[in-house]
Structures are given as C-alpha cells and as structure tokens.
Amino acid sequence: MEHTLRLGILGGGQLGRMSALAAARLGISVVIFTPEDHSPASLVAADTVVATYDDEGALQRFAGMVDVISYEFENIPVETVAFLKKLKPVYPDERLLEVSQDRVAEKSFLNAIDIPTARWAAPKTPEEALKHLEEWGVDSCIFKTVRFGYDGKGQARYTGNTNIETLWTQFNSSPLIMEEVVDFDCEISVIVARDQNKNMVVYGPMLNEHKNHILARTVVPAGINAALAEESIKLIKKLADQIDLTGVLTLELFVTKDGRLLANEIAPRTHNSGHWSIDACAVSQFENHVRCVCGLPVGAPERHSDVEMLNLIGDEALKIAPYYDEPGACVHLYGKTEVREGRKMGHVTRLREQTQPL
Ligand code: AMP
C-alpha cells in the first residue's frame, strides 16, 4: 500500500511551522530536524529529530523517515544539505543556499545576471574601505558581515564622523562587505514559487516597513507604480530561472527616490513579507513551497483581498486582545512560550476589500 508522502524540513522556526500546517492540509506529513527542543514547527509536525546539523547519525535517521527534504532558514550548513542529498532529494538545491549565505556571492550572482544592487565592495582593511569611498565620491556607507547577518544584525553605518578603525574592530575580524547607502523611497519584496516542471507564480510586490531593522508591517498592493511592480516580477522570475529553483525564494529590493529598483537580499525560502498569503490567497506561499518541493504543481496565488500584515514582536504578542474582535483580522501565534525583545512571536493579517488584483 502506498504511504503518505513525508516531507523533512531542516529548521524548527515559524516558517517551518506554517509549512507543516500547509502540508498537513495536503495530506503530507512533516518531520522537523532542529537542534531546539519544543520548536514552533515541531509542535505541529508529525515527528521531530532533535540534533545538531553536523550529527551525521541523526541526519541519516532523519533521511530515512522522509521522502523529500527542504529547509526553512538560510543558515543551514551547506555540508548538511550536501550530506542529505546523497540520501534523499533536497530542494531548493544547495547552490541557492551558498549564494544567499554569503553577501559577496549573492551580490556577484545578482550582478552577473544583470540584477542591479547598490554599489558594493569587499575591502580587506579599513584603508581599502576608505579608498573605495573616495573612488565612489561619497563619505558614508554600510558595513555588513559577509555571512550570518539578518534583521540588521552584523551591520554598522559609517559616516565621515565615525572612527573607521573602531568600527572595524567591532566586527571581530569577520569578513566584511561595504555598500553605498541607498536613498530609498521604500522597500519592497517579491516571492516566487517554481515547481519541478519549471512553472512559476509570483506573490507581490509587497511594501515592507521595518522597525529596528525587523519587518514590522507589510502592505499589499504595494502602491508603487505599475512599471516598477512589473519590473520586480520580471527580476525575480529571471533569478528563479537562472538558479533553476525548485521551491520558493524571496527577493528584497529598494525602490530608490529616483525610481530605480536595487536588489538588497535573497532569502532562499518563504518570507515574513508573504505571511498574508495564508489568509488572502487561494494558495499560500507555504502551500506552494510544499507543493513545489514535493513534486506537485505550483498553485495560482490569486489574492482575494487587500491586506495589511502586522508582525507581533516581543511583548506586542501580549496585547492582541483587540484583534480577536476585529472583523477581517486573522491572528497567528507561533507557539513560542518565552517572550524576548525583538523575537517574532506571531503576526496579524488584516483583510481589506480588494482594490486591484496584483
Ligand atoms: P539587510 O540585513 O541587508 O536586509 O538590511 C536590513 C535593513 O537595513 C534593510 O531592510 C534596510 O532598511 C537597511 N539597509 C540595508 N542596506 C542598506 C543600504 N545599502 N542602504 C540603505 N539602507 C540599507
């Protein structure tokens, strides 16, 4: 007798949780691999393997429990994926992980396929950084660690008044990238899902507002002009084709004051700015992630409402009572018991009457 399809997900956070919930609806059972006990995803999954990402015995056991494997965050070691790939299919391919884990690889790849980014360089010393600033004819920039940066972590802004040596030492010798400061009008993102027959659909663009570098609010439609919206969709489709994506990826972009799009970051996965799709679309980003990696056809993401998505960060999750009474408000909590500053505890999607279908 045929058994139920089993999907393994590396990572136990809220993205894994929402993917597992979407999988359950399709009759697919999920096994989570995470170093964390009682992770948000394992609370709703069929099974969990708790072990570190380099525990080959545990990885082997995990691979034996599933038919196909994916991941829900980008800091999974590439070696873990390479090891698992010998045992079961893993999507998206580790090439996408390599590109999105390393800002130099990411920007080089984007630029090589003609997706514009802010001007950037990878200086080895403060002197080299100053030389680049001089060449660029500017006196400020943003330094970011090449690896393991997210939500503004591993970032510092340099202006002419900063002591560059002091700024440099705060990064403890981590390799750095420097970027020109973008004078942006707003920040947007687009999400693509591409299946094993190379069919793809796009969510967005979404308008994103950050507080303390963490996404606070997403609005759809984004309210940007139609040509830029179309261009953002064209760019992410090109990216998905060029990397031969199976699964979901997200592209974050700046809309500059002079009306250009500059790519900021690739996330090799579902994204916080697409959470609204659970409540406002026939097929959410999470369901499409599950569909694509499991060999099912990607589903049309048609949106039936306009939306505002509010993240519940830290103790905002303790003040949600009014949302339960608000018509059109959909409350999502991630099952995290400990409230910490800056921690994503849940989100609320507010459905509004639709004004335009994009
Ligand atoms: P990141 O970790 O690269 O996504 O950056 C986090 C946030 O910092 C972005 O969402 C922007 O708000 C801001 N930021 C990052 N890079 C730049 C840049 N080159 N110019 C202006 N703002 C930036």
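Because the structure is a prediction, the values reported are computed rather than measured.

(A) Looking closely at the nonpolar core. Judged by nonpolar contacts, the single largest core of 52 residues is most densely connected at Leu10, Phe33, Leu239, Leu249 and Leu251. Of the residues forming this core, the biggest block, seven residues, is contributed by helix α8 (residues 226–242). Residues lining this core come from more than one domain, with at least three contributed by each of domain 1 (6–90) and domain 3 (184–352). When sequence neighbours within four positions are dropped, the list of residues in contact with phenylalanine 33 reads Ile9, Leu10, Gly11, Val49, Ala51, Thr52, Tyr53, Ala58, Leu59 and Phe62. Among the nonpolar cores identified, the runner-up in size contains 16 residues, and Val201, Tyr203, Val220 and Val307 belong to it.

(B) Looking closely at the pairing of strand β1 (residues 6–10). With respect to burial, β1 is a largely interior element, four of its five residues being buried. Bridge count for β1 against strand β4 (residues 68–71) is four bridges, and the pairing is parallel. Paired with glycine 8 across the strands is isoleucine 69, a residue of β4.

(C) Examining the site of the ligand more closely. With respect to spatial proximity, 17 residues lie near the ligand, and among them Lys144, Gln155, Glu179, Val182 and Glu187 are the closest. One of the backbone N or O atoms of glutamate 180 is found 2.9 Å from a nitrogen atom in the ligand. Side-chain polar atom of histidine 213 to an oxygen atom of the ligand: 3.4 Å apart, as the coordinates give it. Considered on its own, the ligand offers 470 Å² of accessible surface; in the complex 93% of this is hidden by protein. Counted by class, the shell around the ligand contains five nonpolar, five polar and seven charged residues. Two domains each provide a minimum of three residues to the shell around the ligand, namely domain 2 (119–180) and domain 3 (184–352).

Procedures and definitions
- Residues numbered from 1 in each chain as written.
- Predicted model: local features only at pLDDT ≥ 70, side-chain atom pairs only at ≥ 80, totals over all residues.
- Heavy atoms only, no water.
- Core = buried A, V, L, I, M, F, W, Y, C linked by side-chain atoms within 4.5 Å.
- Buried < 20%, exposed > 50% of the residue type's maximum accessible area, 1.4 Å probe, protein only.
- Helix = DSSP H or I, 4+ residues; strand = E, 2+ residues; numbered from the N terminus.
- Domains from an automatic or database assignment.
- Contact = heavy atoms within 4.5 Å.
- Pairing = 2+ DSSP bridges.
- Near = heavy atom within 4 Å.
- Polar contact = N/O pair within 3.5 Å; in protein donor to acceptor, adjacent residues only side chain to side chain.
- Areas by Shrake-Rupley, 256 points an atom, 1.4 Å probe, with all protein chains shown as cover.
- Nonpolar A, V, L, I, M, F, W, Y, C, P; charged D, E, K, R; others polar.

Shape is all these values report; function is a separate question.
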